Amino acid sequence: MLDDSKKEYLRHSGLNLLYIVLWYLFAFSLSLYNKWIFSSSFPFPLFMTSWHMLMQWLLSWMLLSIVPSLRTTTNLSTIEYVKKIVPCSLSTALDIGLSNLSLKTITLTFYTMCKSSSLIWVLLFAFIFRLEKPSFSIAGIILVIAVGVIMMVSAETNFVLSGAIQVLLATAAGGLRWSLTQILLKNSQNGLNNPVIILYYLAPVMFACLIILSLIFESWSDIAQSDYFIHGTLSTIKSIVMIVSPGFLAFGMVLSEFKLIARSSIITMSIAGIFKELLTIFLSSVIFGDILTPINITGMAITIIGILIYNYLKYYQTMNAKSYEQVQTNEPIFDLEDINVSNPTENTSIPQESISNSTKITL
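Residues numbered from 1 in each chain as written. Predicted model: local features only at pLDDT ≥ 70, side-chain atom pairs only at ≥ 80, totals over all residues. Heavy atoms only, no water.

In the nomenclature of an unreviewed UniProt entry, the chain corresponds to TPT-domain-containing protein from the organism Wallemia mellicola. In UniProt, the chain has this text filed under Subcellular location (unreviewed entry): "Membrane". (UniProt positions renumbered as here; feature names shortened; annotations may be inferred.)

Following this line, the structure appears as C-alpha cells:
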C-alpha cells in the first residue's frame, strides 16, 4: 500500500541522512584542519594528501581483513583495472590534490564558492554517462542553488589567480570523479559495489598520482629541512603522526560519500554538498573571520529554498513511481480477506463489479 511506500521512503531517507551527517562531520573536520595546516604550518598539501591516500588503503585493507564478508571473490583483470579503476583514481587524485593545493593561497570562503560550481560538472557528466535523465525541473533547481551560492560569497576580495585556477580544475575533475564512482558502485559484475573494496582498489593509484605531483610542484628538500624534521627523533615522530592522522578523517569521509552515492545518486549528494558548503561558510566566518554581507545572507536563503524544493520534487517523484508500480502489478485497492463477511450490511458500499463472478463468499 502507499502508506508502506511512505514508510519505506522515510526509512531510506533516514539512513541517507545518517550518512550525510557522518560525511559532514568528517568533511568539516578535515577541511578546517587542512586550511589551518596548509596555509601556515605545513605548506606541502600534495605531499601530505598522498599519505592520506596510503592511510586509506591501509585502513581499507585492515577492514577487509577483519570483516571477511566485505571481500569479493572476483578478481579484476589488468585491462579491467586500467579501464575502470585508473580513470576514477586519477580524477579523484586531481580533485583532492588541486583542492588542497588551492587552500594555500585562497580563503576557505572563496574555495567554497568555486567548489559550488561542481553541480554544473556533476550534472554534465551525469547526463553524458546517462546516470540521470535530463530534466528542466532539476536543471532549474540546480541553477537556483548555484546562483544562491555565488551570492553567498560574492564579496570575496582576496582573489589569487593561481589558487582560483587550481580549485576550478579540481571542481571539473570532481564532477568526473563522482560520475565514475557511481558507475563503479552501481555495477556489481566485478564485485565493485562495495565502498570498502572500491577504496582498496582506488587508493594505491591515488597515492602514486599525488606523490608524482608532489615531486613536480613541491620541494622535498624543503620538507626534509623544515622544522618538523630537524629537531630530533621525537619531533619527527610527532610530525609523522600529524601528517598521517587526518587519513582517518579522509577514510571516514570517503566511505560516507561512497555509501551515500550507492544509496541515492550523485545529484542527491551534490545537493547535500551544497548545504555542507553553507555550514562551511558559516564556520569559516566564525573561525577565520570571513565577513558575511546582506547579499551573502540572501544567497543562503535562496540556496536553502532550492534544497527544499529539490527534496520535495524527489519525494513527489518517488511516491508517483510507487503508485505506478502498484497499478502495473494490479495490486488491489482492498483485499477480500480484509472484508468482514460475517456482517454483510457493513460492506454495502463495495461496488458489486469489484467482486469477481468466479469468487464465492459464504455468508
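What follows continues from the structure just given.
1. Topic: the confidence of the model for the chain
Per-residue pLDDT for the chain averages 76, and the proportion of residues at 70 or more is 76%. Note that residues 330–363 has pLDDT below 50 and, in this model, 18 contacts with residues that lie over four places away or in other chains. (pLDDT = per-residue confidence, 0-100. Contact = heavy atoms within 4.5 Å.)

2. Considerations on the packing of aromatic side chains
Overall, the coordinates contain 11 aromatic pairs when judged by the stated rule. Ring centres of Trp-23 and Tyr-24 lie 5.7 Å apart, and the angle between their planes is 45 degrees; on these two criteria the pair is classed as tilted. Comparing Trp-23 with Tyr-24 shows no difference in burial state: the two are buried. Between Phe-125 and Phe-129 the ring centres are 6.4 Å apart and the planes differ by 20 degrees, which places this aromatic pair in the stacked class. By relative accessible area, which is 16% here, Phe-125 ends up buried. By the ring-pair criterion, three or more aromatic residues cluster together here, those being Phe-47, Trp-51, Phe-207 and Trp-220. (Phe/Tyr/Trp six-rings, centres within 6.5 Å; stacked < 30°, edge-to-face > 60°. Buried < 20%, exposed > 50% of the residue type's maximum accessible area, 1.4 Å probe, protein only.)

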